[in-house]
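Commentary on secondary and tertiary structure
What follows is the residue order along each chain.
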Amino acid sequence: MAIFRRYVRPGPGVSKDAVPKRRLVLFFEILARRFFDLIKLNLLFVVPIILDLILIYVLNVYAYNIFIPLTFLPLVLISPFVGGLTYVTRNYAREEHAFLYGDFKDAVKNNWKQFLVHGIITYLFVLFVYVAFTFYQSQLAVSGFFYVPMSICFLAALIFLFMQYYIPIMIVTFDLKLRNIYKNALIFAFAGLFYNLLITLVLVGFVALAMVLLLTSGLTLIIQFILMLLISFSLTSFVINFCVYPKIEKYLLKPYYEGTARQEGEDKNKPLEQEERAKLAVEKSEYVYENGKLVRKHDDTEPIFEDKL
């Protein structure tokens, strides 16, 4: 799909008669091709993480009288860099080229405001759920009724976690206001339930394996640190984006482009060939990719993708 390319030199393309590969096979093929790129991307991403951890350490040491949750507030500063991580791994997930440093930097620069606001919202939500869950748990000895609000907190946290799988990729892909991105993410939290559970199980499996290895070997802590430094963050982002992008494409991109192409066709009863549909979509669509983000061609009006689910 040439309309999604940022570079002008065309690649070899994919034959229209080629048999689509199974997603699991495709995942490991892309992972094998991009493995060393993911390592370089991870090393790029851990730089702001290390600086942020140093800042948190300084706050804990020299501002020990400060309200404890505020000492971890600098974690929010990592949020804009998630934009760079997401942009590059999204391109890898849909088998597109990405200039590692340049695209990472541009994605951070172009999306830092929304990611920073999203980071603050996420931080406050996690803090609220933690305080509420701790309080309800302490009240269980008084009344079993508190299992109800505890369950509600757990369910809200799970839904919010599912939303996190979609929010970053929508920020770097669509020119939407944050409230509409959250609206779409909430819908996807339910519409993509199977993939959301699958992603969560895979990530929980990673953490569980790390914990088991940590308890069984003293060297494992060093190994885990090396893995975190080299691959953990970029691999996690790639897994998430590889799983969720087909949903984004199916429910947000294809319906709009195919509808546009169909409306512009001379004979609405005649099936359009794939190449013809793509050509009409590019020529007639009021949206275009600009700096890696889907925006309107002629004005800054809020796009309508949130209404297309």
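Residues numbered from 1 in each chain as written. Predicted model: local features only at pLDDT ≥ 70, side-chain atom pairs only at ≥ 80, totals over all residues. Heavy atoms only, no water.

1. So, the packing of helix H4 (residues 100-138) against helix H5 (residues 147-164)
Direction vectors running N to C along H4 and H5 enclose 160°, while the axes themselves pass 9 Å from each other. Judged by the angle between their axes, H4 and H5 are roughly antiparallel. Where H4 crosses over H5, the handedness of that crossing is left-handed. Residue-level inspection shows His118, Thr122, Phe125, Val129, Ala132, Phe133, Tyr136 and Gln137 of H4 in contact with H5, the latter providing Pro149, Met150, Cys153, Ala156, Ala157, Phe160 and Gln164. Looking at the contact of H4 with H5 residue by residue, the class counts come to 11 nonpolar, 4 polar and no charged. (Axes fitted to C-alpha atoms, helices over the stretch in contact; angles between N-to-C directions. Helix = DSSP H or I, 4+ residues; strand = E, 2+ residues; numbered from the N terminus. Parallel < 35°, antiparallel > 145°, perpendicular 65-115°, else oblique. Left-handed = near helix turned anticlockwise from the far one by under 90°. Contact = heavy atoms within 4.5 Å. Nonpolar A, V, L, I, M, F, W, Y, C, P; charged D, E, K, R; others polar.)

2. Regarding the environment of Ile152
The topology assignment puts Ile152 in helix H5. On the basis of relative accessibility, which here comes to 55%, the residue Ile152 falls in the exposed class. Residues Ile152 and Phe133 lie 19 residues apart in sequence; the distance between their C-alpha atoms is 9.5 Å. (Buried < 20%, exposed > 50% of the residue type's maximum accessible area, 1.4 Å probe, protein only.)

3. Considering helix H7 (residues 178-191)
Taking 1.5 Å per residue, 14 residues should reach 20 Å; H7 reaches 19 Å between its end C-alpha atoms and fits that length. Of the positions making up H7, those classed as buried are Leu178, Asn180, Ile181, Tyr182, Asn184, Ala185, Phe188 and Ala189. (Expected span 1.5 Å × (residues − 1).)

4. Considering the confidence of the model for the protein chain
Across the protein chain, the average pLDDT comes to 78, with 70% of residues at 70 or higher. Here helix H10 (residues 274-284) stands out as the least confident element of the protein chain, with mean pLDDT 46; helix H3 (residues 79-93) is the most confident, with 95. The model gives residues 1-19 a pLDDT under 50, and that stretch makes 21 contacts with residues more than four places away or in other chains. In the predicted structure, residues 266-287 sits below a pLDDT of 50 and forms 40 contacts with residues beyond four places in sequence or in another chain. (pLDDT = per-residue confidence, 0-100.)

5. Things to note about a nonpolar patch on the surface
Judged by side-chain polarity, Val47, Ile50, Leu51, Ile54, Tyr57, Val58, Val61 and Tyr62 come together as a nonpolar surface patch covering roughly 810 Å² of accessible area. Within the element layout of this structure, Tyr57 appears in helix H1 (residues 23-62). (Patch = residues over 30% accessible without salt bridge, like charges linked within 9 Å, V, L, I, M, F, W, Y side chains within 5 Å. Areas by Shrake-Rupley, 256 points an atom, 1.4 Å probe, with all protein chains shown as cover. Salt bridge = Lys/Arg side-chain N within 4 Å of Asp/Glu carboxyl O.)

6. Some words on the pattern of salt bridges
Under the defined criterion, the tally for this structure stands at 4 salt bridges. When the shortest N-O distance is used, the salt bridge between Arg33 and Glu95 registers 3.3 Å. Taken together, the positions of Arg33 in helix H1 and Glu95 in the loop between H3 and H4 put the pair 62 residues apart, joining distant regions of the chain. For Glu95, a relative accessible area of 40% corresponds to the partly exposed category. Here Glu96 ties to Arg94 by a salt bridge, and the two come within 3.1 Å at their closest N and O atoms. Of the two residues, Glu96 and Arg94, neither departs from the other in class, the shared state being buried. Here the salt bridges share partners, and the residues they tie into one network are Arg34, Asp37 and Lys40.

7. Re the layout of surface pockets
Considering only enclosed or pocket space, the second largest pocket measures out at about 1800 Å³ in volume. Lining the second largest pocket are 45 residues, with Leu203, Ser232, Phe233, Thr236 and Ile240 sitting closest to its centre. Looking at the lining of the second largest pocket, the elements that each hand over two or more residues are H1, H3, H4, H5, helix H6 (167-173), helix H8 (193-216) and helix H9 (220-264). Considering every element that reaches the lining of the second largest pocket, the biggest residue donor is H9, with 13 residues. (1 Å grid on protein atoms, 1.4 Å probe; cavity = no way out; pocket = protein on both sides within 12 Å on 5 of 7 lines; lining within 4 Å. Points joined across faces, edges and corners; volume = space filled by probe spheres on them.)

8. Overview of the nonpolar core
Soluble globular proteins: nonpolar side chains tend toward being buried together. Counting 30 residues, the largest nonpolar core has Tyr165, Tyr166, Met170 and Ile248 as the members making the most contacts within it. Elements supplying a minimum of two residues to this core: H4, H5, H6, H7, H8 and H9. Top element by residues in this core is H9. It accounts for 7 residues. Apart from the residues within four sequence positions on either side, Tyr165 is in contact with Asn196, Ile199, Thr200, Leu203, Ile240 and Val244. Listed in part, the 22 residues of the second largest apolar core include Phe45, Leu85, Ile231 and Phe242. (Core = buried A, V, L, I, M, F, W, Y, C linked by side-chain atoms within 4.5 Å.)

9. Observations regarding the side chain of Asp37
Tracing the backbone shows Asp37 in helix H1. If we skip the residues at most four places from it in the chain, Asp37 touches Tyr92 and Leu100.

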